[in-house]
Amino acid sequence: MSQATTRPGIAAGRLDAATLASNFADLHPPYDAHEALVAADRCYFCHDAPCVTACPTSIDIPMFIRQIQAGQPEGAARTIFEANILGGMCARVCPTETLCEEACVREAAEGKPVEIGRLQRYATDTLMARPGHPFSRPEPTGKLVAVVGAGPAGLACAHRLALHGHDVTLYDARPKGGGLNEYGIAAYKAPNGFAQAELDWLMGIGGIRLRTGMALGREISLEKIAAEFDAVFLGIGLAGVNALSADGAALDGVGDAVEFIAGLRQAEDLTTVPVGRNVVVIGGGMTAIDAAVQSKLLGAETVTIAYRRGRDRMAASRYEQDLAASHGVAFRFNVQPVAVHGEGAAREIELAYTEEGRDGLVTTGETVRLPADEVHIAIGQKLDGAPEGLTLYHGKIAVDDEGRTAHPKVWAGGDCATGGDDLTVTAVAEGRDAAESIHRALSG
Amino acid sequence: MTDIRNDFVGIKSPNPFWLASAPPTDKQYNVERAFKAGWGGVVWKTLGLDPHIVNVNGPRYGVVYGADRRLLGLNNIELITDRPLQTNLDEIKAVKRAWPDRAVVVSLMVPCDEESWNYILPLVEETGADGVELNFGCPHGMSERGMGSAVGQVPDYIEMVARWCKAATRMPVIVKLTPNITDIRYPARAAHKGGADAVSLINTVSSITSVNLDTMSPEPSIDGKGSHGGYCGPAVKPIALNMVAEIARDPETAGLPISGIGGITTWRDAAEFLALGAGNVQVCTAAMTYGFRVVTEMIEGLKGWMETKGYSSLADFQGRAVPNVTDWQYLNLNYVTKARIDQDACIKCGRCFAACEDTSHQAIAMKEGRVFEVIDEECVACNLCVNVCPVENCITMERLPVGSVDPRTGREVVEEHGDWTTHPNNPARVAAE
Ligand SMILES: Cc1cc2nc3c(=O)[nH]c(=O)nc-3n(C[C@H](O)[C@H](O)[C@H](O)COP(=O)(O)OP(=O)(O)OC[C@H]3O[C@@H](n4cnc5c(N)ncnc54)[C@H](O)[C@@H]3O)c2cc1C
Ligand SMILES: Cc1cc2nc3c(=O)[nH]c(=O)nc-3n(C[C@H](O)[C@H](O)[C@H](O)COP(=O)(O)O)c2cc1C
Ligand code: SF4
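Here the structure is a predicted model, which means the values were calculated and not measured.

So, the overall build of chain B
Line of reasoning, step 1. The helix and strand tally for chain B stands at twelve helices and 22 strands.
Line of reasoning, step 2. Here the C-alpha coordinates of chain B stretch approximately 75 × 60 × 50 Å along the principal axes.
Line of reasoning, step 3. Here chain B holds 433 residues, and 45% of them are scored as buried.

Given below as structure tokens:
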């Protein structure tokens, strides 16, 4: 095995199948029923609870935890799903340490919050293990809504519209729905095909038709669907990536971190996924952390995250940083890439030291070279091919707080639209709220 | 030196912790292990006449849990010993011989006729046991046969049986009382009149702990049916403490020794019973929940506390809380307090607000930034906020200084005691001098 780890260049099968299976197992294993009761008992049932305020979807957290305490995990799940139909995925992927659990009064009191995320998973897993769907659809209203993008924003929007009796056609450019739930989230956060299972379960409400392989700007146009449907919701995420401007960026082994993760997520057999012996990840966000950790779990010998500013400026939370460090990922701060060196394929990366100058970041002139067979670029995604006729603001579709765009029949939400952090749970909140706004508009 | 040796109606034990008559004391094997663990004495599982009774062959216990399945209350439908009388007598004799420094008291329950008592008492005396405890408390099974609490609920019977027993034996006689009555002082007085050396209390409280909502049977369920059992454990301690105090401060039973029983789980519980007038304590549920070793914590805890207080023997504090138990009408209405919230300790959960706003006196304001403050104009000092606050000492009750004005009533706080007996709203008030 050690030989495979030190094999030069980029290679698959650095670790055996059993090791890979255990490396990519559930990051936080689910609670059993007793653990859930013990964890639930720690909740104080706060008045006007701060955790609820901190949750972008405003789940009634004290209530669902009390329902778990009282032996009603299914009721708890209903409370969750009423606010957040992707409560199952959110329970797995939310950075709770900067959301609900950060606000928990027990975090203030003893540095140990109620484990809201894991309790939410316990409740939602319990209900989702039962056959059927917890909500039923009223009589169809006859209104037709097109939802473009089957990521968290689009799915939350489609479900809420279906709940109000509208008929939804859900378009997605990719062969599978789910958006970054399916293609982006770290494999160990939602193992065992959870994203597709959740999508199927969500569709169980009825009234939603998923049409994959249908891209806006390719198979469909905004103009056309805006004419055909009573309303349109755009939840197309950020399909473009920011490119690296450094010499050697075109060498083999230099690539987009999101694409690397998508390849990993779609792999049937993890022993076939290639990874470099020495990996360098450029960036400071959640994507950088995920690319680095998963490279390490695939068997890379060294993995380094190179971030151009100091640790305190990293978008990834301290918890995420520690998670990476605990997997053996090294951090380099205040360095930015100037060149990737190699004959046809990357071998080394050259980084320049930086400091915060008066007019932003400047290089100090000092450089350092690290071995790098593979370089993952994770310096941000951007909106690609925004449809004509919509106003953009800072590269995103401009929306008001109900998700309305400049076009009277078009709403937008999730990563592609302005407002909120780029998180799964924010996308769910925006999709849901836009659906309510659409419903009001259609009922008016 | 802190000395916790105990002398209860002449029965000596190295400490005041006895195991109450129950499964922990139902055979030689258990009792010897208990003595090895350090228990000061036992009251042997209640003996009856042969043919011995039988127990159910399904579950005997029901339970009430707190967080993390912590046992707060236990309920049982077990009867008295289900072994032949002679087996128990032989074992009692062997144990007493092997453990002369420990208290061995034998609990008895026989039919309510003098002949039965005259038959069994000499047999017990012959074992060398230190005393007998008359079980007038068991609320299930035996009571249906005219024994246990069926006797304990009729003071005249208690007096009569106590008298028979005192006449038939030289051993000290302790009468164990049932809490399933309206006023505990009546059976205690009856025992006293009958010549009993002491009372012990409480036996278990009649109860149904839960109902199985699938089978619609009370728990514990025996083939789909349940019957009320006797409740014990931490949940019954407040009931027991009150009953002990009632007897301790009743002039008619003044000086009657009391063995305190009911929910004693730690040294502190025991110290509270002793402070309220008990001469020693008996424990069952704590041992049944955690095993015999809990007595180590009880012994060490009691000693440690006595040391910090400078008490060198149990007598130094025994009964010291009794004079402070009074009737409501004598409580000082001029003692005015207000809730105070320590903002540094506050974790902003808002429970005090929810409690006071929804169910008390709307005396807590919730301000910008989740800052909670008491509104003195409204606070009646009920203590609910203190009780529901998850942080110890975050909310406290502070007495208003004499001379200040209570903003709720507009009245000045005065030094003198003033209670209901002299209050102007009391139609039956005694005229102020
Ligand atoms: C690597 C990575 C890891 C992440 N980890 C986390 C995490 O752990 N926790 C967390 O909360 N957030 C995480 N995020 C962020 C989170 O995934 C996103 O904020 C969220 O998925 C946004 O949802 P969305 O519906 O707006 O967009 P997406 O999930 O991106 O979905 C957009 C959908 O639209 C489709 N689409 C795009 N263009 C078109 C078009 N022209 N026509 C038709 N369909 C189109 C796409 O195929 C996709 O299915 C992560 C993001 C990345 C990249
Ligand atoms: C502070 C307080 C005051 C009460 N006052 C009364 C009362 O005045 N009259 C009454 O019948 N019951 C009174 N009760 C008893 C309750 O009505 C109820 O029977 C009891 O609390 C048991 O129910 P619970 O523990 O399930 O709440 C009071 C209870 C509490 C806690
Ligand atoms: S003591 Fe009672 S009335 Fe006063 S603030 Fe607390 S809960 Fe409200």
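Digging into the overall build of chain A
Line of reasoning, step 1. Across its full length, chain A carries 18 helices and 19 strands.
Line of reasoning, step 2. Since a compact globule built from 444 residues should have a radius of gyration of about 22 Å, the 23 Å found for chain A is in line with a globular shape.
Line of reasoning, step 3. With the C-alpha coordinates of chain A rotated into their principal frame, the extents come out at 65 × 55 × 45 Å.
Line of reasoning, step 4. Counting all 444 residues of chain A, 49% fall into the buried class.
Line of reasoning, step 5. Contacts in chain A between residues far apart in sequence, at least 24 positions, make up 70% of those at least 6 positions apart.

Some points on the site of ligand 3
All names here are of chain B.
Line of reasoning, step 1. Around ligand 3 there are 15 residues in total, and C356, A363, C379, C382 and C385 lie nearest to it.
Line of reasoning, step 2. Elements with a minimum of two residues in the shell around ligand 3: α11 (351-359) and α12 (384-388).
Line of reasoning, step 3. Of the residues in the shell around ligand 3, the class split is twelve nonpolar, three polar and no charged.

Observations regarding the interface of chain B and chain A
Line of reasoning, step 1. Contacts between the two partners involve twelve residues from chain B, matched on the other side by ten residues from chain A.
Line of reasoning, step 2. The residue makeup of the side of chain B that touches chain A, split by class, is seven nonpolar, one polar and four charged.

Describing the domain arrangement of chain B
Line of reasoning, step 1. According to the domain assignment, chain B consists of domain 1 (6-324) and domain 2 (328-432).
Line of reasoning, step 2. On a C-alpha basis, the centres of domain 1 of chain B and domain 2 of chain B stand 40 Å from each other.

Section: the packing of helix α8 (residues 267-275) of chain B against helix α10 (residues 294-309) of chain B
Residues and elements named next belong to chain B.
Line of reasoning, step 1. For the pair α8 and α10, interaxial distance at closest approach is 8 Å and the crossing angle is 60°. By the angle class used here, α8 and α10 are oblique. Pair α8 / α10 crosses with right-handed handedness. Contacts from W267, R268, A270 and A271 of α8 reach α10 at E297, M298, G301, L302 and W305.
Line of reasoning, step 2. Residue classes in the contact of α8 with α10 are distributed as six nonpolar, one polar and two charged.

Here's the deal with α11 of chain B
Line of reasoning, step 1. Turning to α11 of chain B, its buried residues are R351, C352, F353 and C356 of chain B.
Line of reasoning, step 2. Taken together, the buried residues of α11 of chain B touch β18 (364-367), β19 (371-374), α12 and β20 (395-399) of chain B.

Some details on the nonpolar core
It is characteristic of soluble globular proteins that their nonpolar side chains tend to be buried jointly.
Line of reasoning, step 1. Grouped together as the largest cluster of nonpolar side chains are 153 residues, with contacts concentrated most on V232, F233, V281 and A292 of chain A.
Line of reasoning, step 2. Per-element accounting of this core gives the leading share, eight residues, to helix α16 (residues 286-298) of chain A.
Line of reasoning, step 3. In terms of nonpolar packing, the next biggest core, distinct from the first, is built from 93 residues, I184, A198, V236 and L241 of chain B among them.

Some points on helix α15 (residues 257-266) of chain A
Line of reasoning, step 1. Looking at α15 of chain A, one finds that the buried residues are A257, V258, F260, I261, L264 and R265 of chain A. Take α15 of chain A and look down its axis: the buried residues cluster within an arc of 160°, on one side only.

Thoughts on unusual backbone geometry
Line of reasoning, step 1. The amide bond that connects D50 of chain B to the next residue, P51 of chain B, takes the cis arrangement and shows omega of -5°.
Line of reasoning, step 2. For the bond running from L201 of chain B to I202 of chain B, omega is 10°, close enough to zero to count as cis.
Line of reasoning, step 3. Within the fold, I202 of chain B resides in the loop between β10 (198-201) and β11 (205-207).
Line of reasoning, step 4. For N192 of chain A, which is not a glycine, the phi torsion comes out positive at approximately 60°.
Line of reasoning, step 5. Here N192 of chain A lies in the loop between α12 (180-183) and α13 (194-203).
Line of reasoning, step 6. Phi at A381 of chain B takes a positive value of approximately 65°, unusual for a residue other than glycine.
Line of reasoning, step 7. Topologically, A381 of chain B is positioned in the loop between β19 and α12.
Line of reasoning, step 8. You can call A381 of chain B buried: it has 22 C-beta atoms within 10 Å.

Looking at the pairing of strand β5 (residues 61-65) of chain B
Residues and elements named next belong to chain B.
Line of reasoning, step 1. Where β5 and strand β6 (residues 71-76) come together, five bridges link them in antiparallel fashion. From the neighbouring strand, Y61 faces β6, where its bridge partner is N76.
Line of reasoning, step 2. Remark: five residues form the turn of the hairpin made by β5 and β6, two consecutive strands paired antiparallel; D68 in that turn has positive phi of roughly 60°.

Brief notes about the sheet that holds strand β14 (residues 360-371) of chain A
Residues and elements named next belong to chain A.
Line of reasoning, step 1. Across the sheet, which stays open at both edges, the three strands sit in the order β12-β13-β14 with antiparallel pairing between neighbours. Where the open sheet ends on each side, the last strands, each with one partner, are β12 (335-341) and β14. This sheet shows a mean twist of 25° between the axes of neighbouring strands, independent of strand direction.
Line of reasoning, step 2. In terms of strand pairing, β12 meets strand β13 (residues 348-357) through six bridges, oriented antiparallel. Bridging across to β13, Q336 finds its partner in A352.

What to know about the sheet that holds β5 of chain B
All names here are of chain B.
Line of reasoning, step 1. One open sheet accounts for four strands, arranged β5-β6-β14-β11; its pairing is antiparallel. With one partner strand each, in any of the chains shown, β5 and β11 form the two edges of the open sheet. Looking at each pair of strands side by side, their axes are set apart by 35° on average, direction ignored.
Line of reasoning, step 2. Across three bridges, β6 lies against strand β14 (residues 229-232) in antiparallel orientation. Counterpart to N75 in the pairing with β14 is Y231.

A word on the site of ligand 1
Line of reasoning, step 1. The environment of ligand 1 is formed by 40 residues, the closest being G149, G151, G179, G237 and G414 of chain A.
Line of reasoning, step 2. Contributing elements (two or more residues each) for the shell around ligand 1: α11 (152-163), β3 (167-172), α15, α16 and α18 (424-443) of chain A.

Digging into the domain arrangement of chain A
Residue and element names in this part refer to chain A.
Line of reasoning, step 1. Considered domain by domain, chain A is made up of domain 1 (10-25 + 242-377), domain 2 (33-128) and domain 3 (144-239 + 383-442).
Line of reasoning, step 2. Of note, the centres of domain 2 and domain 3, computed from C-alpha atoms alone, are 26 Å apart.
Line of reasoning, step 3. In this assembly, twelve residues from domain 2 lie in contact with 19 residues from domain 3.
Line of reasoning, step 4. Counting residues per element, the side of domain 2 that touches domain 3 draws most heavily on helix α7 (residues 87-93), which supplies five residues.

Conventions we followed
Residues numbered from 1 in each chain as written. Chains lettered and ligands numbered in written order. Predicted model: local features only at pLDDT ≥ 70, side-chain atom pairs only at ≥ 80, totals over all residues. Helix = DSSP H or I, 4+ residues; strand = E, 2+ residues; numbered from the N terminus. Buried ≥ 20, exposed ≤ 12 C-beta atoms within 10 Å, placed from the backbone. Rg over C-alpha atoms; globule rule 2.2 N^0.38 Å. Contact = placed C-beta atoms within 7 Å. Near = placed C-beta within 6 Å. Nonpolar A, V, L, I, M, F, W, Y, C, P; charged D, E, K, R; others polar. Domains from an automatic or database assignment. Axes fitted to C-alpha atoms, helices over the stretch in contact; angles between N-to-C directions. Parallel < 35°, antiparallel > 145°, perpendicular 65-115°, else oblique. Left-handed = near helix turned anticlockwise from the far one by under 90°. Core = buried A, V, L, I, M, F, W, Y, C linked by C-beta atoms within 7 Å. Arc of directions from axis to C-beta. Pairing = 2+ DSSP bridges.

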